[in-house]
Amino acid sequence: MRPPSRPVRRLAALLLFAVAAALFPTTTPAASAAPSPVPGQLRPYNVDAVYTSGVSSGGYMATQLHVAYSGTFSGSAAFASGPYHCAQNSLSTALNACMNTTQDLQLATLEQTTRDWSARGLVDPVAQLAGDPVYVFSGSNDSTVKRPVTDALADYYGRFGARVRYDRSTAAGHAWISPLGTNSCTVTQSPWINNCGIDAERDLLGHLLGSVDAPSASPGGTLIQFDQNAYAPGGAAAALSLDDRGFVYVPKSCSDGAACTLMVSLHGCKQGYGYQGFGTRFVDKAYLNEYADTNDMIVLYPQAAATATLENPNGCWNWWGYLGDSAYGRHGGKQIETVMAMVRALRGGSTPQPETGRVTLESVDAEDGYVKAATDGSGATVGTMEDGYGLALGRGTDGRVNRTLLSFDTSRIPAGKEIVRARLTVNRGSGSGDPWASPAGNRLLVDVRTGCFGACGVEASDWSAAATVAGGAQIGAFSSGSATSTDLSAAALAALDRTGTTQVRLRFESVPASTAYLFVNRDAPVTLTVEYR
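In this numbering scheme, every chain counts its residues from 1 along its sequence in written order. Local features are withheld for residues below a pLDDT of 70 in this predicted model, meaning they are given only at 70 or higher, and side-chain atom pairs are given and counted only at 80 or more; totals for whole chains, interfaces and linings count all residues. Computation of side-chain values: all heavy atoms of the structure, hydrogens and water removed.

**Let's talk about the nonpolar core**
Rules: To qualify as a nonpolar core, a set must consist of buried Ala, Val, Leu, Ile, Met, Phe, Trp, Tyr and Cys residues joined through side-chain atoms within 4.5 Å. A 1.4 Å probe rolled over the protein chains alone gives each residue an accessible area, and that area as a share of the maximum for its type sets the label: buried under 20%, exposed over 50%, partly exposed in between. Helix and strand definitions follow DSSP, with helices as H or I runs of at least four residues and strands as E runs of at least two, each counted in order from the N terminus. Whether two residues are in contact is decided by their heavy atoms: any pair within 4.5 Å suffices.
Ranked by internal contacts, the top residues of the largest apolar core, which has 72 residues, are Val248, Val264, Ile298 and Leu300. By residue number, the principal contributor to this core is helix H10 (residues 334-348), which donates eight residues. The residues contacting Ile298, other than those within four sequence positions of it, are Tyr45, Val47, Val248, Tyr249, Val250, Pro251, Cys254, Cys260, Thr261, Leu262 and Met263. Leu391, Leu444, Ile475 and Tyr517 belong to the second largest nonpolar core, which has 38 residues in total.

**Structural notes on the pairing of strand E16 (residues 391-395)**
So the rule is basically this: A pair of strands counts as paired when DSSP detects no fewer than two bridges linking them.
Counting buried positions along E16 yields five of five residues, so the element is predominantly enclosed. Judged from the five bridges that link them, E16 and strand E23 (residues 516-520) form a sheet pairing that is antiparallel. When the sheet's bridge partners are listed, Leu391 is paired in E23 with Val520. The pairing of E16 with strand E17 (residues 401-409) spans two bridges and is antiparallel. Bridge pairing links Gly394 to Asn402 in E17.

**A short note on the side chain of Glu111**
Here Glu111 is to be found in helix H4 (residues 107-119). Look at Glu111 and you get buried, because its relative accessible area is 17%. In this structure, Glu111 is in contact with Tyr156, Arg159 and Phe160, ignoring residues within four places of it in sequence.

**Overview of the packing of aromatic side chains**
The cut-off we apply is this: Pairs were defined over the aromatic rings of Phe, Tyr and Trp, the Trp ring being its six-membered one, requiring ring centres within 6.5 Å. Orientation was assigned from the angle between planes: stacked under 30 degrees, edge-to-face over 60, tilted for the rest. Whether a charge lies above a ring is judged from NZ of Lys or CZ of Arg, which has to be within 6 Å of the ring centre and within 35 degrees of the ring normal.
Inspection of every chain in the model, using the stated rule, returns 20 aromatic pairs. Seen in terms of ring centroids, Phe79 and Trp176 are 4.5 Å apart; in terms of plane orientation they differ by 45°. Their pairing is tilted. With Phe79 in strand E3 (residues 73-79) and Trp176 in strand E6 (residues 176-177), the pair connects residues that are 97 residues apart, well separated along the chain. Phe79 gets classed as buried once you look at its relative accessible area, which sits at 0%. These aromatic residues form a ring-pair network of at least three members: Phe79, Tyr135, Phe137, Trp176, Phe282 and Tyr301. Positioned above the aromatic ring of Trp117 is the side chain of Arg330, whose terminal nitrogen or guanidinium carbon lies 5.3 Å from the ring centre.

**Considering H10**
Selection criterion: Each residue after the first adds 1.5 Å to the expected span of a helix.
With 15 residues, H10 ought to run about 21 Å at 1.5 Å a step, and its terminal C-alpha atoms sit 21 Å apart, in line with that. Taken as a whole, H10 has its buried residues at Gln335, Ile336, Glu337, Thr338, Val339, Met340, Ala341, Met342, Val343, Ala345 and Leu346.

**Observations concerning the environment of His207**
Where we set the bar: Polar contact is defined as a pair of N or O atoms within 3.5 Å, subject to the rule that within protein one atom must be able to donate a hydrogen and the other to accept it, and that residues adjacent in sequence are counted only when both atoms are side-chain atoms.
Along the chain, His207 turns up in helix H6 (residues 200-209). Along the primary structure His207 and Trp317 are separated by 110 residues, whereas in three dimensions their C-alpha atoms are 25 Å apart. When neighbours within four sequence positions are excluded, His207 is seen to be in contact with Pro133, Val134, Tyr135, Arg163, Val164 and Arg165. A distance of 2.8 Å separates a polar atom in the side chain of His207 from the backbone oxygen of Arg163.

**Comments concerning the sheet that holds strand E4 (residues 133-137)**
The strand order across the open sheet formed by nine strands is E1-E9-E10-E12-E11-E2-E3-E4-E5, and the pairing between neighbours is mixed. Two strands in the sheet have a free side with no partner beyond their single neighbour: strand E1 (38-39) and strand E5 (163-167). Two elements, E4 and E5, share five bridges in a ladder whose sense is parallel. By the bridge assignment for E5, Tyr135 is matched with Arg165.

**What to know about the environment of Asp368**
Secondary-structure assignment places Asp368 in the loop between strand E13 (357-362) and strand E14 (369-373). In this structure, the C-alpha to C-alpha distance between Asp368 and Leu493, residues 125 residues apart in sequence, is 21 Å. Apart from the residues within four sequence positions on either side, Asp368 is in contact with Ser363, Glu386, Leu391, Leu405, Leu406, Ser407 and Val458. Reaching out from Asp368, the side chain makes a polar contact with the side chain of Ser363 at a distance of 2.7 Å.

**Re the sheet that holds strand E7 (residues 183-184)**
Strand order in this open sheet of three strands is E6-E8-E7, and the pairing throughout is parallel. Each edge of the open sheet is held by one strand with a lone partner, namely E6 and E7. Pairing geometry for E6 and strand E8 (residues 193-195), over two bridges, is parallel. When the bridges of E8 are listed, Trp176 appears paired with Ile193.

**Thoughts on the state of the cysteines**
Think of a disulfide as a covalent bridge from one cysteine sulfur atom to another cysteine sulfur atom. Heads up, the rule is: Defined by distance alone, a disulfide is two cysteine sulfur atoms within 2.5 Å.
Applying the stated rule across the entire model yields five disulfides. Linked covalently through their sulfurs, Cys185 and Cys196 form a disulfide whose S-S length is 2.1 Å. An S-S torsion of about 85° defines the bridge between Cys185 and Cys196 as right-handed. Taken together, the positions of Cys185 in the loop between E7 and E8 and Cys196 in the loop between E8 and H6 put the pair 11 residues apart, joining distant regions of the chain. Across the chain, the disulfide pattern expressed with sequentially numbered bonded cysteines is 1-2, 3-4, 5-6, 7-8, 9-10.

Encoded structure:
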């Protein structure tokens, strides 16, 4: 993303300060002594399920983690925030559609984007959201993230079949709601932890976990302060607007080997440890540690930090794409991958797991095309209907057999990384017949060529030119929408050109007996998703 001009950045900063000033503007348990942090590191525990929770920018990040990695997270809770990808990489949209309501937040578009990204492997399969428990909270006095925005979060999750519990019964201001809150219910002010006379933690944990035992009177576990640099891509937390310090609360039962739940809980703007001496007030007052003791639950408290620049002066989590991170809400988002590395360390390794990531490459439109030939492969010519219909595959009405050529700039795969997985995603436009059934069991194969089959622009000889790896993957039958190939074989992974272009040829293994073809959608790029470590 191109950095905004200085006047625009100055205006953005003023808006951010104005927003953050309003971001967080009774039955109370007896005050309990919060545990003091002790230096340590993340180590593996017997974790059997993982959830997210958060408030405001932390609520947005909790939802991003859940949607991006629904295979890891089993549910989520969000106070005072809106639907996934609401800001669409725009600060203006974040302010006007995702906090205020002066702009339509385009919920149908957000749903479709999620489904498209799922099909392309940019987030985990959306089918995994179905049945997940989700807790949503909005107070009627929250003028920072207005009620229709939080309504849209509940609606968004419902579109994917999640089990949503939506609490909008109180007059709360913009805050995390806790029996330990030091603010009255209706205000929006520091420390943005409000007491509304309810036990919201009992409600959210009961919904996520099924049921919970009563909290302990005083936390008896250990609050560990660890180095977040060890989990940040590149080893520099500050470069991602993250604090050097993070915290994890571990009950004794979990330290002793009991099967435990892991809750990732995310503070809001101006609530991070290092923000103007805020310290551990969110960690101490969120009322999660008390439930952790009696319900075998580890609580991870990652910490965002303010930037010295105008990008993120209030230490918010990244939910609009600051610092140029356009992947902030999906696989590869720098803060998301940092938190995921922490989760992996707590689930299965005493040292940080090797840094993993993925890059999704769109095919180079100027070098894509298709070629056609007689059924015996003779008389090949370049197809001419791409602009009108798309890239052809199979046997057309003219009796000729079509094969599609695609180019990818695989030099964009980070240098020095081991490629562990790759797959192709295509979208279907129109078609006729079923080329996978003519003959029965026909296969759509993916040939891979290091470099180009000939010249990188499509030419007639590409129809039969030798591939580096023939049939390195295959794409199953699909009649509409998108389809993702099987994983590229080890040989095909090795054939990806790390210094330049890799070409892919799609072809049916057998010539269809009669007219049976499809067009790859000309308006949706074919993508190659590469995972590395």
